[in-house]
2 protein chains.
Amino acid sequence: MSEPLKIDIARLMGRIEAMASVGQIEGGGVNRLALSEADRDGRDLLVEWMQDLNLQVTIDAIGNIVGQRSGSKNLAPVMTGSHLDSVATGGRYDGTLGVLAGLEVVERLDELNVETRHPIAVGCFSNEEGARFAPDMLGSAVYQGSLDLQSALNTSDADGCVFGDCLDAIGYRGNATVPAAPPHAFVELHIEQGPVLENAGITIGAVESVQGISWTEYTIDGVSNHAGTTPMSMRKDAGYAASALACAVREIATELGAPQVATVGALSLEPNLVNVVARRATMTVDLRNVDDAILIDAESRVAAVVDRISEREGVHIQSRILARFQPVRFSESIVRSVTHWAERLKLSTISMPSGAGHDAQMFAPRCPTGMIFVPSRDGISHNVREHTDRSDIEAGANILINLLTELATEDY
Amino acid sequence: MSEPLKIDIARLMGRIEAMASVGQIEGGGVNRLALSEADRDGRDLLVEWMQDLNLQVTIDAIGNIVGQRSGSKNLAPVMTGSHLDSVATGGRYDGTLGVLAGLEVVERLDELNVETRHPIAVGCFSNEEGARFAPDMLGSAVYQGSLDLQSALNTSDADGCVFGDCLDAIGYRGNATVPAAPPHAFVELHIEQGPVLENAGITIGAVESVQGISWTEYTIDGVSNHAGTTPMSMRKDAGYAASALACAVREIATELGAPQVATVGALSLEPNLVNVVARRATMTVDLRNVDDAILIDAESRVAAVVDRISEREGVHIQSRILARFQPVRFSESIVRSVTHWAERLKLSTISMPSGAGHDAQMFAPRCPTGMIFVPSRDGISHNVREHTDRSDIEAGANILINLLTELATEDY
């Protein structure tokens, strides 16, 4: 049994550092909202690195970037990758780690003159976060055919900017057709973005599933009125209705218990003035669970509360589904392989679900797919304080290089 | 006993119509936020009308406009007036009625060659609404000395625009000094902005008091985090804390019962994204009561809830007082006079408190002061659908002309 392969952590950290300077914001984080100028600059840097490594670079019609290292046979590539886009106040590891670890795997295999049967491809997928355009994981969804190209291109952001136009504006509407053929296998390295690994003192998470996600936007119409002269009993207060719904959403999550989570992350009032009862409120509800039956239960409890509030406060509440992903199960064989390589590398490991959505889940119905998690300090992500220790990044990337090489050596 | 005086309702409605075209917005309402270009245009039109009526026009250091009709003696003027500024989506009668009814009184007295001992002055006070600059009733507060000129000029709006600079920008920083001497008496005609008169089928409200007002802004700092991976028990969610506070504010108002009212009219989240637990929430609480003891009780209940939420959710909550006015009692003699003239004019009348703050309350500690209310359809105000019937406007203005003339005839 040969020794496991090892990546060059100094080189990987150098690339992470360089990418963190693109769209850098105070506190060491980044703002690379999808299709922004900072996103474009990050893509430019990635393409430059891919060209330096002599990868065959393709850009497809939704802006996904794929860099491919040749294999010795004409087979479907083994793929890895993630995303470079971020939330408005994001950290430097979310997504970026998976893309740059892929580059490091390729460069290390080149240095060691390792030849694989299957090509190895590194993907960077558009708009994974969903912070600017809904749904999230838009690029990988189009890449693997679960979302129609044209509807994705027609999506617009809060300012009415259309995805296709924004893609043109940053010069990343490519020629490669979508959906692409499924790869031979897909493995994504990602930070956990939660506290489970750190709390358990474990280095490697072998991800066995992804929570289902349900996003709904509610528009609540009440009656704007004078805050001093309208008796409480006569109010149709859209702002109060929104707050009551947000409180109920928290209660529902508490009643259903872990792993159910529920979040009202966006809430705004009109006219939003101290002395005017709000005419309109707009808010989002984000529900997630690994068990689709419980997720459906959560959705129906929220819907019932919406009806009750609407009736009690005399407001009109309109709902719009922004995203709905069923829970995803990853390949058991890849979960076992992650565990196997962790043991070979003397790294502690557990199997776990993912609380966040990831590009990998778009591949799961089409090829053997899995994910490797490394710890997030204090469980913090989508925040400039996001941090993962260098030694954990090294551990995760070492699993990745061995797993990809093993998959790429399979002779079917 | 001579017949009561009568105003010319067609002329008054014509001026209301003309003023409604300044800053007009869809639905027949107006947007004349204080010191905006629309506010300037409204002021320009008012000054033109005052000059047409040969009033002596003065503009003071905080932008209040006063037009004075001479009396036969060198005595303090009897004053009426209100404001032309509006909330962002306001109606055409709030404030405007009181200013333009004052002009109509003056024009009618001229027509009838009525000479009064005291001059009669019509005031238009800056930033009554408080929708752009806090506190509300800023201009009348400075005019009667309960607010320092310099602090008023230094107030800035949400965009950081300083009151003094905005006043210069619209050309309404005048030379007249503030505080001004108290007038002989002050009477303001205003729409009720609430449902009491309409529900009771009454035309004239003789206003005996104004609710006390307490405005507080809360800034809630939590921890921004990923909506999918952070267990509910580990969250420090500023958005949830804000919603919980908004719900508690409603409960407190319900517990204390009418006439206590409480409103969360402004609430915003950062970063305000569907899949990010909010890092920060900013919100306002507006509490009002005619009884200061109950208002203080309401304030302390809110403060206790703030402490509880802060501890339970692990968020930091900072509070800032935006405005605090004690309840005001108007002159009993003027309340009686309003009732007297209503009876003489065969108009139904009740004594009632005001739910909203008004410029008149700034005069109450300094001279005999009162207000006349006319009905608001459906109690709606601060809304483009605000409406008062022409016959009710006529009724209110007829009370005003007789009351002002009577007060201006007093020989002390």
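Asks: Explain the overall build of chain A to me, please; I cannot follow it from the model alone.
Replies: Of the regular secondary structure elements, chain A holds 11 helices and 18 strands. The C-alpha radius of gyration computed for chain A amounts to 23 Å, which stays within 12% of the reference 22 Å derived for 412 residues, consistent with globular compactness. When the backbone C-alpha atoms are referred to their principal axes, chain A occupies close to 80 × 45 × 40 Å. Counting only residues that meet the buried cut, chain A has 63% of its 412 residues in that class. Considering only contacts in chain A between residues 6 or more positions apart, those separated by 24 or more positions represent 80%. For chain A, the accessible surface area stands at approximately 14,700 Å², while carbon and sulfur atoms represent 46% of it. Across chain A, the 32 positively charged side chains and the 55 negatively charged ones have centroids separated by 1 Å.

Asks: I would appreciate a short explanation of the relation of the copies chain B and chain A in the present structure.
Replies: The operation linking the two copies of the chain is a rotation about an axis combined with a translation along the axis. Taken as rigid bodies, chain B and chain A are interconverted by a rotation of 180° and an axial shift of 0.0 Å, the fit giving an RMSD of 0.0 Å. The transformation relating the two chain copies, once decomposed into turn and shift, fits a two-fold axis. No C-alpha of chain B approaches the rotation axis more nearly than that of S243 of chain B, which lies at 2.2 Å. The share of interface residues of chain B whose copies in chain A are also at the interface is 98%, consistent with both copies meeting through the same surface.

Asks: Explain helix 11 (residues 390-409) of chain A to me, please; I cannot follow it from the model alone.
Replies: Note on helix geometry: an α-helix contains 3.6 residues per turn, so any two residues three or four positions apart are oriented the same way. In this model, helix 11 of chain A (20 residues) spans 29 Å end to end at C-alpha, consistent with the 28 Å of a helix rising 1.5 Å per residue. Counting buried positions over the 20 residues of helix 11 of chain A gives 15, a clear majority of the element.

Asks: Help me out: how do you make sense of the confidence of the model for chain A in this one?
Replies: Caution applies to low-pLDDT regions: their predicted coordinates should not be interpreted in detail. Looking at chain A, the pLDDT average stands at 96 and 100% of residues meet or exceed 70. Interface confidence for the predicted complex, given as ipTM, is 0.73, next to a pTM of 0.73.

Asks: Looking at this structure, I do not really get helix 10 (residues 332-344) of chain B. What am I missing?
Replies: All names here are of chain B. Between its first and last C-alpha atoms helix 10 spans 18 Å; for 13 residues at 1.5 Å apiece the expected length is 18 Å, and the two agree. All buried positions along helix 10 are accounted for by I334, V335, S337, V338, W341, A342 and R344. If you follow the buried residues of helix 10, they end up packed against strand 7 (185-191), strand 8 (204-210), strand 17 (349-354), strand 18 (369-374) and helix 11 (390-409). Looking one or two residues past helix 10, K346 carries a phi angle of roughly 60°, positive in sign.

Asks: Which parts of the structure should I look at to understand the pattern of salt bridges?
Replies: Any two side chains of opposite charge can pair, given that their charged atoms come close. By the definition in use, this model includes 40 salt bridges over all chains. Taking the shortest distance from any N to any O, the salt bridge between R279 of chain A and E270 of chain A comes out at 3.2 Å. Assessed through its relative accessible area of 29%, R279 of chain A is described here as partly exposed. Judged by relative accessible area, which is 33%, E270 of chain A ranks as partly exposed. Linking R324 of chain B and E299 of chain B is a salt bridge whose minimum nitrogen-to-oxygen distance equals 2.8 Å. Of this pair, R324 of chain B sits in strand 15 (residues 316-325) while E299 of chain B sits in helix 9 (residues 292-313), and the two are 25 residues apart along the sequence. You can call R324 of chain B partly exposed: its relative accessible area is 30%. Taking the relative accessible area as the measure of exposure, E299 of chain B reaches 23% and is therefore partly exposed. A single salt-bridge network, built from bridges that share partners, covers R11, R15, E104, E107, R108 and E111 of chain A.

Asks: Sorry, what's going on with the interface of chain B and chain A here?
Replies: One frequently used descriptor of interface size is the decrease in accessible area upon assembly of the parts. If you look at the interface, chain B gives 63 residues, while chain A gives 62 residues. The junction of chain B with chain A conceals about 5,100 Å² of combined surface from both sides, 57% of it contributed by carbon and sulfur atoms. Of all residues in chain B, M232, R250 and V274 of chain B bury the most surface against chain A, accounting for 15% of the area lost on that side. On inspection of chain B and its partner chain A, the count reaches two salt bridges. For E313 of chain B, the salt bridge identified is with R250 of chain A, shortest N-O distance 2.7 Å. Here chain B is connected to chain A by 20 residue pairs in polar contact (both at pLDDT 80 or more). Secondary structure elements with two or more residues in the side of chain B that touches chain A: strand 10 (225-226), helix 8 (238-256), strand 11 (261-263), strand 12 (267-270), strand 13 (276-277) and strand 14 (280-289) of chain B. If one sorts the elements of the side of chain B that touches chain A by residue count, helix 8 of chain B sits on top with seven residues. Residues that form the side of chain B that touches chain A fall into these classes: 28 nonpolar, 25 polar and 10 charged.

Asks: Looking at this structure, how should I read the state of the cysteines?
Replies: The term disulfide refers to a covalent linkage connecting the sulfur atoms of a pair of cysteines. All names here are of chain A. One pass over the structure, following the stated rule, counts two disulfides over all chains. Residue pairing for C161: its cysteine sulfur links by disulfide to C166, the two sulfurs lying 2.3 Å apart. Here C161 falls in the partly exposed class, since its relative accessible area comes to 26%. With a relative accessible area of 4%, C166 lands in the buried category.

Asks: Explain the pairing of strand 4 (residues 65-69) of chain A here, please?
Replies: Strand residues, when the strand is regular, have side chains that alternate between the two faces of the sheet. Residue and element names in this part refer to chain A. The buried fraction of strand 4 is high, at four of five residues. Summarising the sheet, strand 3 (residues 56-59) and strand 4 pair through four bridges and their orientation is antiparallel. Paired with V57 across the strands is G67, a residue of strand 4. In this structure, the hairpin formed by strand 3 and strand 4 is closed by a connection of five residues, where G63 is found at a positive phi of approximately 95°. Summarising the sheet, strand 4 and strand 6 (residues 120-124) pair through five bridges and their orientation is antiparallel. Within strand 6, the residue paired with R69 across the bridge is I120.

Asks: Honestly, the environment of R11 of chain B in this entry has me stumped. Any pointers?
Replies: All names here are of chain B. Looking at the element boundaries, R11 is found in helix 1 (residues 9-20). R11 gets classed as buried once you look at its relative accessible area, which sits at 17%. In sequence terms R11 and S82 are 71 residues apart; their C-alpha atoms lie 19 Å from each other. Apart from the residues lying within four places of it in its own chain, the contact partners of R11 are E104, E107, R108 and E111. Within the local environment of R11, its side chain forms a polar contact with the side chain of E104, the two groups lying 2.8 Å apart.

Asks: Where do I start with the packing of aromatic side chains in this structure?
Replies: What describes a pair of aromatic rings is the distance from one ring centre to the other and the angle between the planes of the rings. Residues and elements named next belong to chain A. Counted under the stated rule, the structure contains 12 aromatic pairs over all chains. Measuring from centroid to centroid gives 5.9 Å for Y143 and F363, while their planes differ by 50°, and the two rings are tilted. A residue pair is termed long-range when its members are at least 10 positions apart, and Y143 in helix 4 (residues 138-143) and F363 in the loop between strand 17 (349-354) and strand 18 (369-374) qualify at 220 residues. When sorted by exposure, Y143 lands in the same class as F363, which is buried. The structure contains a cluster of three or more aromatic residues connected by ring pairs, namely F125, Y143, F186 and F363. Lying across the ring of Y172, R43 places its NZ or CZ 5.1 Å from the centre.

Asks: Just checking my understanding: could you explain the environment of A238 of chain B for this structure?
Replies: All names here are of chain B. Relative to the helices and strands, A238 is located in helix 8. Taking the relative accessible area as the measure of exposure, A238 reaches 0% and is therefore buried. Remark: the alpha-carbon pair of A238 and A278, spanning 40 residues in sequence, is separated by 5.4 Å. In contact with A238, not counting residues within four places along its chain, are I220, G222, A278, R279, R280, A281 and V315.

Asks: How should I be thinking about the side chain of R15 of chain A in this particular structure?
Replies: Residues and elements named next belong to chain A. By secondary structure assignment, the location of R15 is in helix 1 (residues 9-20). For R15, a relative accessible area of 9% corresponds to the buried category. In this structure, R15 is in contact with W49, L53, L100, L103, E104 and E107, ignoring residues within four places of it in sequence.

Conventions used here
- Residues numbered from 1 in each chain as written.
- Chains lettered and ligands numbered in written order.
- Predicted model: local features only at pLDDT ≥ 70, side-chain atom pairs only at ≥ 80, totals over all residues.
- Heavy atoms only, no water.
- Helix = DSSP H or I, 4+ residues; strand = E, 2+ residues; numbered from the N terminus.
- Rg over C-alpha atoms; globule rule 2.2 N^0.38 Å.
- Buried < 20%, exposed > 50% of the residue type's maximum accessible area, 1.4 Å probe, protein only.
- Contact = heavy atoms within 4.5 Å.
- Areas by Shrake-Rupley, 256 points an atom, 1.4 Å probe, with all protein chains shown as cover.
- Lys, Arg positive; Asp, Glu negative; His and termini not counted.
- Charge placed at Lys NZ, Arg CZ, Asp CG, Glu CD.
- Least-squares fit on C-alpha atoms with pLDDT ≥ 70 in both.
- Expected span 1.5 Å × (residues − 1).
- pLDDT = per-residue confidence, 0-100.
- Salt bridge = Lys/Arg side-chain N within 4 Å of Asp/Glu carboxyl O.
- Buried area = accessible area lost by both parts, 1.4 Å probe.
- Polar contact = N/O pair within 3.5 Å; in protein donor to acceptor, adjacent residues only side chain to side chain.
- Nonpolar A, V, L, I, M, F, W, Y, C, P; charged D, E, K, R; others polar.
- Disulfide = S-S within 2.5 Å.
- Pairing = 2+ DSSP bridges.
- Phe/Tyr/Trp six-rings, centres within 6.5 Å; stacked < 30°, edge-to-face > 60°.
- Lys NZ or Arg CZ within 6 Å of the ring centre and 35° of its normal.

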